[in-house]
Amino acid sequence: MQPVLSVRTPPHIATEAFTDAAAAVARLDDIYERNTRFLRDRFEAYANGEPLATPVRATYPFVRVTTSTHARLDSRLSYGFVARPGVHETTVTRPDFSVPI
């Protein structure tokens, strides 16, 4: 049996529901900045001679949209669409590139 490898990560952040798009984007920014800062800090420590005892990992924030209805819309719109009811998720790799809301 393989030993379980521990991984150093920032503390878990629970998912949250938003009805305000600006607040959701602000939270994406917060999570992205926190996780990239964690990685930068660990890299800087390693570059300064601190041993890397375990792998280091952080994740991008993600967006989850749940819809229970389906209406035929023009799917060529630039902001996208969901093809059917259900739960749809994607990671957000650079929320700071978002368009102001």
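In this text the structure is predicted, and so the values were computed from the model without any measurement.

**Quick notes on the pattern of salt bridges**
Opposite charge on two side chains lets them pair, provided their charged atoms get close.
Right, on to step 1. Inspection of every chain in the model, using the stated rule, returns 3 salt bridges.
Right, on to step 2. Where R42 meets E50, a salt bridge forms, and the shortest distance between an N and an O atom there is 2.4 Å.

**Remarks on the confidence of the model for the chain**
Right, on to step 1. For the chain, mean pLDDT is 87; residues scoring 70 or higher make up 83% of the total.
Right, on to step 2. Of all helices and strands in the chain, the one with the weakest mean pLDDT is strand β1 (residues 62-67) (90), whereas helix α1 (residues 21-47) scores best (95).

**Here we look at the environment of F62**
Right, on to step 1. Secondary-structure assignment places F62 in strand β1.
Right, on to step 2. Ignoring anything within four residues of it in the chain, the contact list for F62 reads T15, L28, E89, T90, T91 and V92.

**Concerning the environment of T36**
Right, on to step 1. Tracing the sequence through the fold places T36 in helix α1.
Right, on to step 2. The spatial distance from the C-alpha of T36 to the C-alpha of Y60 is 8.6 Å, given a sequence separation of 24 residues.
Right, on to step 3. Here the side chain of T36 touches Y32 through a polar contact of 2.9 Å, landing on its backbone oxygen.

**Side note on the packing of aromatic side chains**
Here a ring pair, both rings aromatic, is described through the centre-centre distance and the interplanar angle of the planes.
Right, on to step 1. Taken as a whole, this structure holds 1 aromatic pair when the rule is applied.
Right, on to step 2. With 6.3 Å between their ring centres and 5° between their planes, Y32 and Y60 make a pair best called stacked. Separated by 28 residues along the polypeptide, Y32 in helix α1 and Y60 in the loop between α1 and β1 bring together distant segments of the chain.

Reading the values: rules and limits
- Residues numbered from 1 in each chain as written.
- Predicted model: local features only at pLDDT ≥ 70, side-chain atom pairs only at ≥ 80, totals over all residues.
- Heavy atoms only, no water.
- Salt bridge = Lys/Arg side-chain N within 4 Å of Asp/Glu carboxyl O.
- pLDDT = per-residue confidence, 0-100.
- Helix = DSSP H or I, 4+ residues; strand = E, 2+ residues; numbered from the N terminus.
- Contact = heavy atoms within 4.5 Å.
- Polar contact = N/O pair within 3.5 Å; in protein donor to acceptor, adjacent residues only side chain to side chain.
- Phe/Tyr/Trp six-rings, centres within 6.5 Å; stacked < 30°, edge-to-face > 60°.

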